[in-house]
Amino acid sequence: MAIRAARADTLRRYFLYFLFYSILGWCYEVFLEVVVYRWGYSDRGVLTGPYCPVYGIGALVFLVLFYPLIRGQSVRRRLAMVPVVFLGCGLAATLIELIASYLCEAVLGSWPWQTYVDYAINFQGRIALSPSIRFGLGGVLFLYVLQPLWEKLVEAMGSRRKWVFTVCAVVFAVDLVSFVVMTAIG
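We now turn to the structure provided with this report. (Residues numbered from 1 in each chain as written. Predicted model: local features only at pLDDT ≥ 70, side-chain atom pairs only at ≥ 80, totals over all residues. Heavy atoms only, no water.)

### A short note on the side chain of R126
Where we set the bar: Secondary structure elements follow DSSP: runs of H or I no shorter than four residues count as helices, runs of E no shorter than two count as strands, and numbering proceeds from the N terminus. Here the term buried applies to any residue with accessible area under 20% of the maximum for its type, exposed to any over 50%, and partly exposed to those in between, with areas from a 1.4 Å probe on protein chains only. By the criterion applied in these results, polar contacts are pairs of N or O atoms within 3.5 Å in which, for protein atoms, one can donate a hydrogen and the other can accept it, and in which residues neighboring in sequence qualify only through two side-chain atoms.
Inspection of the secondary structure puts R126 in the loop between β1 (122-123) and β2 (127-128). For R126, a relative accessible area of 7% puts it in the buried group. At 3.1 Å, the side chain of R126 and the side chain of S101 are in polar contact.

Below, the structure is given as structure tokens:
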């Protein structure tokens, strides 16, 4: 029974990580669009809520593949792993973006982020070197700075974590189901 409870708690933690980074990704996209590029505001997600699930998925991939390389390691070891984490996160995120572009195009008719056709080094306008470098840098920032802080916050929730998870999961599930239904009926 204790193992089942521990697994359920791990699932709750990872869902909260997913949701946090999905929201953070949405904020990042809106910031780029409004402040950096000055295009004006548009909803950067495919769902109704303020989240870009592709960022949450990317964060989970980073946590599974690269966080074990640095978590609990000495400062020297952590610093030595920066190039590996940078390259790994850049490659993983680029692959996720490429797959997501094909999935979104199949379901929605297009992908909801800018095309990279104007970038010097790109593939079909779906992925490009410049964003891949930003993904690598973001992965380093994420794993070395944000994730340790987020872990502390999630841990500090204590027994409330279950309720926070439940509310967030219900809201996200309703949003996801409404998206699927609206997409299916056209």
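### Quick word on unusual backbone geometry
Of note, Q124 is a non-glycine position whose phi angle comes to about 55°, a positive value. By secondary structure assignment, the location of Q124 is in the loop between β1 and β2.

### Comments concerning helix α7 (residues 161-185)
Rules: Between the first and last residue of a helix there are one fewer steps than residues, each counted as 1.5 Å, and that sum is the expected span.
With 25 residues, α7 extends 36 Å between its outermost C-alpha atoms, agreeing within 8% with the 36 Å of an ideal straight helix rising 1.5 Å per residue. Residues of α7 that are buried: R161, F165, A169, F172 and D175.

### Some remarks on the packing of helix α1 (residues 2-36) against helix α6 (residues 129-156)
Let me state the cut-off plainly: Note on method: axes are straight lines fitted to C-alpha atoms, helices fitted across the in-contact stretch only, with angles between N-to-C directions ranging 0 to 180 degrees. Small angles under 35 degrees read as roughly parallel and large ones over 145 as roughly antiparallel, with 65 to 115 read as roughly perpendicular and the rest as oblique. For any pair of crossing helices, the crossing counts as left-handed if the nearer helix is rotated counterclockwise from the farther one by less than a right angle, and right-handed if it is rotated clockwise. Contacts: residue pairs with any heavy atoms within 4.5 Å of one another.
As a packed pair, α1 and α6 sit with axes 11 Å apart at the nearest point and diverge in direction by 130°. One way to sum up the angle between α1 and α6 is to call them oblique. With respect to the hand of their crossing, α1 and α6 are arranged in right-handed fashion. On α6, the residues touching R13, L16, Y17, F20, Y21, L24 and Y28 of α1 are R134, F142, L146, Q147, W150, E151, V154 and E155.

### Some remarks on helix α5 (residues 82-108)
When the terminal C-alpha atoms of α5 are compared, their 37 Å separation across 27 residues agrees well with the 39 Å that a helix rising 1.5 Å per residue should span. Among the residues trailing α5, G109 stands out with phi positive, at a value near 95°.

### A look at the packing of aromatic side chains
So the rule is basically this: In summary, the pairing rule links any two rings of Phe, Tyr or Trp, Trp by its six-membered ring, whose centres are within 6.5 Å, and it sorts them by plane angle into stacked for under 30 degrees, edge-to-face for over 60 and tilted for everything else.
Applying the stated criterion to the full structure yields 13 aromatic pairs. Plain terms: the ring middles of F62 and F142 are 5.8 Å apart, the flat faces sit at 45° to each other, and that makes the pair tilted. Of the two residues, F62 is situated in helix α2 (residues 53-65) and F142 in helix α6; the sequence distance between them amounts to 80 residues. Given the relative accessible area of 6%, F142 is considered buried. Ring pairs connect the aromatic residues F20, Y21, F62, F66, F142 and W150, which therefore count as one cluster.

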